[in-house]
Amino acid sequence: MARVQLDGITKTFGSGATAVNAVDNVSLDIDHHAFMVLLGPSGCGKSTLLRIVAGLDDPTAGEVRIGDKLVNDVLPKGRDVAMVFQSYALYPHKTVAANIEFPLKVRGVDKAERRSQALAAATSLGLEKLMDRRPGELSGGQRQRVALARAIVRQPAVFCMDEPLSNLDAKLRTETRAELVDLHRRLDSTFIYVTHDQVEAMTMATSIAVMCDGKILQTGTPEQIYARPATVFVAQFIGTPPMNVLPAGVLEGESVRVGFRPEDARIVADSSDDTLPMDVRLVEQLGHETLVFGDVQGAKVVVRQPASSSAPAISDTVSISVPLGARHRFNADSGERIER
Amino acid sequence: MKRRWRDAPTALMMLAPSLALLGLFVFYPLVRAIWLGQQACDNTGNACHSVGWSQYIDVYRSNEFQNALGNTFTFAAITVPLGIILGVGLAIVADKHLRGIGVFRTIFSSTIASSVAVASLIWFVLLNPQLGALANVFDGIFPVLKRPGLLNDGGTALPAVALSSVWAGLGFTFVIVTAALQSIPRDLYESAFVDGAGSWRRFTNVTLPMLSPTLLFIGVVITARAFQAYGEVDLLTQGGPNAAGRPTETIAYFIYGKTSRISNQLGLQSASAVLLFIILLVLSFIQFRVLERRVHYAN
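Residues numbered from 1 in each chain as written. Chains lettered and ligands numbered in written order. Predicted model: local features only at pLDDT ≥ 70, side-chain atom pairs only at ≥ 80, totals over all residues. Heavy atoms only, no water.

Student: Hey, could you go over the sheet that holds strand 17 (residues 317–321) of chain A for me, with residue numbers and the actual values?
Tutor: Residues and elements named next belong to chain A. Here we have five strands laid out as an open sheet, ordered 13-17-14-15-16, and antiparallel in their pairing. In this open sheet, the two edge strands, each paired with only one partner strand, are strand 13 (266–268) and strand 16 (299–306). In this sheet, neighbouring strand axes are inclined to one another by 50 degrees on average, regardless of whether the strands run parallel or antiparallel. As paired elements, strand 15 (residues 289–296) and strand 16 share eight bridges and run antiparallel to each other. Paired with Val-292 across the bridge in strand 16 is Val-303. (Pairing = 2+ DSSP bridges. Helix = DSSP H or I, 4+ residues; strand = E, 2+ residues; numbered from the N terminus. Axes fitted to C-alpha atoms, helices over the stretch in contact; angles between N-to-C directions.)

Here it is, written out as structure tokens:
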């Protein structure tokens, strides 16, 4: 059982006037066998947080527990974690087999046992025919799978992954997402996965923590975060295209910013008190749907329509309506969600 | 095929500048030296006449050449491994992110800016039995430092010259290895660390293999340099110490040194120089063939 608990974690780089809190008093409870995605823009501290869990960085303050054991002073070796790096970090001079066997070799597992465990890990990822190759002779996707095989071979309690898909092309990324979900289902490990790609977070996570400026803004299931974003930042970080958030006073009162998902707005024939005028700037026909981009009182807004409905022309002025139930309300000053 | 010949004049024109330079300063002297190797000349280098190609074999078999060859191998056997080990060791020590480490990097690489002559003078003074700091400080532990002095004892003179040479070459090894160390991705170390590898394992599984092309390069370069050692011998011992049977006479000094037995004998000197050239060629070839299999080049 590997529950991961982070309590009041702070990581400061530099000192004095130039000190920067890369991670700022973060607490997070990750259940056993969760697929936790740390999601945020670059520089938000998500990789630093992951490195603190793996033992590559020491927190300036706070406690890290893995499986109820305090591990602040435990080397990575004693934490039972494995890590997959964005660059894969394969040993270029070793064969695929030797790369996968390396963690076992370090732990003193005997040669025959190493062989069979490495082969099992490789086979589960479809690498069994590549065992004698060197990383330089593999494609990006194959290298990525070797890095995964090396991480799963010793069946770690916690599996840390730092943007492992970002060096793959779009098609391979989609395929590998499905493989990672499958891997998570098969293994009894806790996954902690760092990404800036909200699609990866939404498709794989059992739980997402959205980070910004070293802080966690919201933790929840993908559905919760999509349906009830806690702040304007979260609302606009999740979803493609992201949520439209109007300036204060455009809809409802002066102290409220109203947001709505592109699919929740509708272009209507007649204007009324409940509709907003939108100047159409761009129309993107994607086949299965149409995205209409425009301006509403100076704010950029996207409306998603089914491909079957007729699209407006560029520079038309249309009326859009946003049903009350689909509106998200945020405090105009703090950006925090207002529940009603 | 046709196209190749049509391009020939252009190709020749483009090659001409380097062909002219190489021809004048490399190929011509080389061919000339090979030719001179079978000649005997008078003291002024004139009135040469052929004595046959067997002169090469005679030179090779001579006691003087064999002595110089043995000394040169000993000299290389000391300077090459010691130079690499010390250079790599210092580079690894200085490859830490510590405050003020730049000062040490500068100190360790400073010998790259000093010539063999300067390095030899420094060691000549250091090792001097009357004035030298080493002789006066360690007198009680190593009496040989004082009587007769490292450079004046037949048994210690060659290692002492080698020591000065290692010191002079350290900056070069340090700079090259430091650059190579900085090009090793940090991820590899971190990955090995998470997988449980201690510092020795990380050194043998990441640092050494990733340094291997650099080490091969350095090995070949400083081996060639050791086989051409002349300046330090000339300045420190001139092949001596005088009493014994020329224990520090390297091949380069044998060829060119003032006190060499064949000084002013152009034919014998040329034959020895060509022999040194052949020996180095074979040695470099062996180094590449044997070591390259153990070297990993990044893709």
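Student: Can you lay out the domain arrangement of chain A for me, pointing to particular residues and giving the numbers?
Tutor: All names here are of chain A. Partitioning chain A into domains gives domain 1 (4–235) and domain 2 (246–331). Inter-centroid distance (C-alpha atoms) of domain 1 to domain 2 is 38 Å. Contact with domain 1, which involves eight residues of that partner, is made by five residues of domain 2. Approximately 540 Å² of surface area, both sides summed, lies buried where domain 1 meets domain 2, with 53% of it carried by carbon and sulfur atoms. At the junction of domain 1 with domain 2, the criterion picks out zero salt bridges. (Domains from an automatic or database assignment. Contact = heavy atoms within 4.5 Å. Buried area = accessible area lost by both parts, 1.4 Å probe. Salt bridge = Lys/Arg side-chain N within 4 Å of Asp/Glu carboxyl O.)

Student: For a nonpolar patch on the surface, give the residues involved together with the corresponding values.
Tutor: A cluster of nonpolar residues, B:Leu12, B:Leu15, B:Leu19, B:Leu21, B:Leu22, B:Leu24, B:Phe25, B:Val26 and B:Phe27, forms a patch on the protein surface that exposes about 900 Å² of accessible area. Looking at the secondary structure, you find B:Leu19 in helix 1 (residues 2–36). (Patch = residues over 30% accessible without salt bridge, like charges linked within 9 Å, V, L, I, M, F, W, Y side chains within 5 Å. Areas by Shrake-Rupley, 256 points an atom, 1.4 Å probe, with all protein chains shown as cover.)

Student: With reference to specific residues and values, describe the layout of surface pockets.
Tutor: Residues and elements named next belong to chain B. Volume-wise, the largest pocket comes out at about 680 Å³. Every residue lining the largest pocket is counted, 23 residues in all, and those nearest its centre are Lys-96, Arg-186, Tyr-189, Glu-190 and Arg-202. Contributions of two or more residues to the lining of the largest pocket are made by helix 8 (186–194) and helix 9 (199–227). Split into classes, the residues belonging to the lining of the largest pocket amount to nine nonpolar, five polar and nine charged. (1 Å grid on protein atoms, 1.4 Å probe; cavity = no way out; pocket = protein on both sides within 12 Å on 5 of 7 lines; lining within 4 Å. Points joined across faces, edges and corners; volume = space filled by probe spheres on them. Nonpolar A, V, L, I, M, F, W, Y, C, P; charged D, E, K, R; others polar.)

Student: Explain the interface of chain B and chain A residue by residue, including any values.
Tutor: In this assembly, 17 residues from chain B lie in contact with 25 residues from chain A. Carbon and sulfur atoms supply 61% of the area buried between chain B and chain A, which totals about 1,900 Å² over both sides. It is B:Val194, B:Asp195 and B:Asn205 in chain B that bury the most area against chain A; as a group they hold 33% of the surface buried on that side. With its nearest N and O atoms 3.5 Å apart, the salt bridge here joins B:Asp195 to A:Arg154. The tally of links from chain B across to chain A stands at nine residue pairs in polar contact (both at pLDDT 80 or more). Within the residue set of the side of chain B that touches chain A, elements represented by two or more residues are helix 8 and helix 9 of chain B. Ranked by residues supplied to the side of chain B that touches chain A, first place goes to helix 8 of chain B with seven residues. Split into classes, the residues belonging to the side of chain B that touches chain A amount to eight nonpolar, five polar and four charged. (Polar contact = N/O pair within 3.5 Å; in protein donor to acceptor, adjacent residues only side chain to side chain.)

Student: Can you explain helix 1 (residues 46–54) of chain A? Please cite residues and give values.
Tutor: All names here are of chain A. Summarising burial for helix 1: eight of the nine residues are buried, a large majority. Turning to helix 1, its buried residues number three or more, namely Lys-46, Thr-48, Leu-49, Leu-50, Arg-51, Ile-52, Val-53 and Ala-54. Gly-55, located one to two residues past helix 1, shows a positive phi value of around 95 degrees. (Buried < 20%, exposed > 50% of the residue type's maximum accessible area, 1.4 Å probe, protein only.)

Student: Talk me through the pairing of strand 7 (residues 158–162) of chain A; I want residue IDs and the actual numbers.
Tutor: Residue and element names in this part refer to chain A. Among the five residues in strand 7, five count as buried, and that is most of the element. Burial along strand 7 is two-sided: the face carrying Val-158, Cys-160 and Asp-162 and the face carrying Phe-159 and Met-161 are both buried. When strand 6 (residues 81–84) meets strand 7, the two strands line up parallel, connected through four bridges. Across the sheet, residue Val-81 finds its bridge partner in strand 7, namely Val-158. Looking at chain direction, strand 7 and strand 8 (residues 190–195) are connected through five bridges and run parallel. The residue bridging Phe-159 from the neighbouring strand is Phe-191, located in strand 8. In this region the chain leaves strand 7, passes through helix 5 (residues 170–186) and returns to the parallel neighbour strand 8; the handedness of that crossover is right-handed. (Right-handed = clockwise from strand over helix to strand, strands pointing away.)

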